[in-house]
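Each chain, written out:
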Amino acid sequence: MHLYVSKAGGKLWRYRYMFADKEKLLSLGSYPDMSLLDARAARDKAKADLKKGRDPSVTKKIERLTVSQEAGDTFELIARQWFALQKSQWVARHAEKVIESLELHVFPSLGSLPIREITASQVLSVLRTIEARPAIDTARRVRQRMSAVFVYAIASGRAKDDPAAIVQGAMAPLKKSRQPAITDLNQAREILQKVDNEAAHPVTKLAMRLLALTAVRPGTLITTPWTEFANVSEQNPVWQIPAQRMKLRLAHKEDEARDHLVPLAKQALETIETLRQITGKGPLVFPNTRHAHKPMSENALGYLLNRAGYHHRHVPHGWRSTFSTEMNERYPEYKDVIDFMLAHIPKDKVEAAYNRALYLPKRKELAQIWADLILKDTKRPAELLTGMRHN
């Protein structure tokens, strides 16, 4: 049993256990609503279920549904029904974040209430707690998800209004700022040189290098399975990322979903082959150091940059800005090509479908130019396999 703390500051008691030869997690309750004593009692109950050959997670769901049905249509019951319907539209990591945000922030206070009885002031109280952490962006995401649940309840005849929509204008304003990124080429080269000299796992260093070379989103990179690199070679230097892994699939817009083609420079191919020596026998290119079947945390890349001296100066996502700024300055006539390399979707669908193929030769050329620029005076990938590691 352990206490899980989210980035936004929410705390949740969890119990890790094995059932049918699979590791599973059971959410016991949120802290401080559930004390340590109560959490231990819930854990002991779960252990008792295991001894009887029952899966504690299944038992809890059955008990929760039974209580919900007796009490009426509760927010949690309907929210889980909504989530079950929607999750197929999202990539796995996004789906996990959606349900986790509701479990951490909403279910503890509103989950057991009949959805018809929940008021705007109660919804706003939940959101104010999140804003006070402060986590204003999280509060806005939670409000959107709550609103979607209310709309689902209205459509299915179990609610009359959407109090989460009413409170939107009363929420704290979100001050949007661009993600910190160093866009000067010489300083960007220095980032990689410093990262290479840090005490860190070689897979993390190689992930940072491939991120800089390809300018894909960090979340896309770290979840890459080896199957996507199976046919990549000097003869076929193109990484094809399936549409369902690109950020997230839009509901009712399947026609806009498409695979993203990433031309790979010689240095990127060399980096991939070096990674193959370390993680090639597993399913993921960038596995978690503790759980090989799970991807590394995006935080691992951020922490590496922080240790190298770039806290609040450059983040993993910042490589996209570095690439865009430098290449657009050098080749303004190829702005559309560079946008395609960043997976930016043109408004004109016909143009998008046509240029996807038309621009590939030029994208390959620009990818190699960028690799030669950014990796000047850096170590070869194989040199990163030795040296100190950060635990």
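Residues numbered from 1 in each chain as written. Predicted model: local features only at pLDDT ≥ 70, side-chain atom pairs only at ≥ 80, totals over all residues. Heavy atoms only, no water.

**Q** So, the overall build of the protein chain: which residues are in play, and what are the values?
**A** Tallying secondary structure elements over the protein chain gives 17 helices and five strands in all. Taken over 391 residues, the protein chain has a buried fraction of 45%. Within the protein chain, residue pairs in contact and separated by at least 24 positions form 66% of the contacts whose partners lie at least 6 positions apart. For the protein chain, the computed accessible surface area is about 20800 Å², with 52% contributed by carbon and sulfur atoms. (Helix = DSSP H or I, 4+ residues; strand = E, 2+ residues; numbered from the N terminus. Buried < 20%, exposed > 50% of the residue type's maximum accessible area, 1.4 Å probe, protein only. Contact = heavy atoms within 4.5 Å. Areas by Shrake-Rupley, 256 points an atom, 1.4 Å probe, with all protein chains shown as cover.)

**Q** I'd like a rundown of the environment of Arg363, residues and numbers included.
**A** Of note, Arg363 is situated in helix H17 (residues 360-374). Classification of Arg363 by relative accessible area gives buried; the value is 2%.

**Q** Give a description of the packing of aromatic side chains that names residues and reports values.
**A** Applying the stated criterion across every chain, the model contains 11 aromatic pairs. Ring centres of Phe340 and Tyr359 lie 5.2 Å apart, and the angle between their planes is 75°; on these two criteria the pair is classed as edge-to-face. Placement of the pair is Phe340 in helix H15 (residues 335-341) and Tyr359 in the loop between helix H16 (349-358) and H17, with a sequence separation of 19 residues. Note that Arg14 overlies the ring of Tyr4, its terminal NZ or CZ placed 4.1 Å from the centroid. (Phe/Tyr/Trp six-rings, centres within 6.5 Å; stacked < 30°, edge-to-face > 60°. Lys NZ or Arg CZ within 6 Å of the ring centre and 35° of its normal.)

**Q** Which residues make up the packing of helix H9 (residues 185-196) against helix H10 (residues 202-214), and what values go with them?
**A** As a packed pair, H9 and H10 sit with axes 10 Å apart at the nearest point and diverge in direction by 165°. In terms of axis orientation, H9 runs roughly antiparallel to H10. As for how H9 packs across H10, the hand of that crossing is left-handed. Note on element contacts: H10 touches H9 through Lys205, Met208, Arg209 and Ala212, opposite Leu192, Val195 and Asp196. Here the residues of the contact of H9 with H10 sort into four nonpolar, no polar and three charged. (Axes fitted to C-alpha atoms, helices over the stretch in contact; angles between N-to-C directions. Parallel < 35°, antiparallel > 145°, perpendicular 65-115°, else oblique. Left-handed = near helix turned anticlockwise from the far one by under 90°. Nonpolar A, V, L, I, M, F, W, Y, C, P; charged D, E, K, R; others polar.)

**Q** Go over H17 with me, naming the residues and quoting the values.
**A** An ideal rise of 1.5 Å per residue puts 21 Å on 15 residues; H17 measures up with 21 Å between its terminal C-alpha atoms. Of the positions making up H17, those classed as buried are Leu360, Lys362, Arg363, Leu366, Ala367, Trp370, Ala371, Leu373 and Ile374. (Expected span 1.5 Å × (residues − 1).)

**Q** Outline unusual backbone geometry, supporting the account with residue identities and numerical values.
**A** Pro32 follows Tyr31 through a cis peptide bond whose omega is 15°. Looking at the element boundaries, Pro32 is found in the loop between strand E3 (22-31) and helix H1 (36-51). Even without being glycine, Ala215 reaches a positive phi, approximately 60°. Looking at the element boundaries, Ala215 is found in the loop between H10 and helix H11 (218-222). Of note in this structure, Asp377 is not a glycine but carries a positive phi near 70°. Classification of Asp377 by relative accessible area gives exposed; the value is 62%.

**Q** Account for the nonpolar core, with residues named and values stated.
**A** In this structure, Phe286, Trp319 and Ile374 are the most contacted members of the largest nonpolar core, which totals 58 residues. Broken down by element, this core gets its largest block of residues, eight residues, from H10. Excluding anything up to four places from it in sequence, Phe286 contacts Val203, Leu206, Ala207, Leu210, Leu221, Ile222, Thr224, Leu275, Lys294, Pro295 and Met296. Membership of the second largest hydrophobic core comes to 30 residues, among which are Ala139, Met146, Val149 and Ala153. (Core = buried A, V, L, I, M, F, W, Y, C linked by side-chain atoms within 4.5 Å.)

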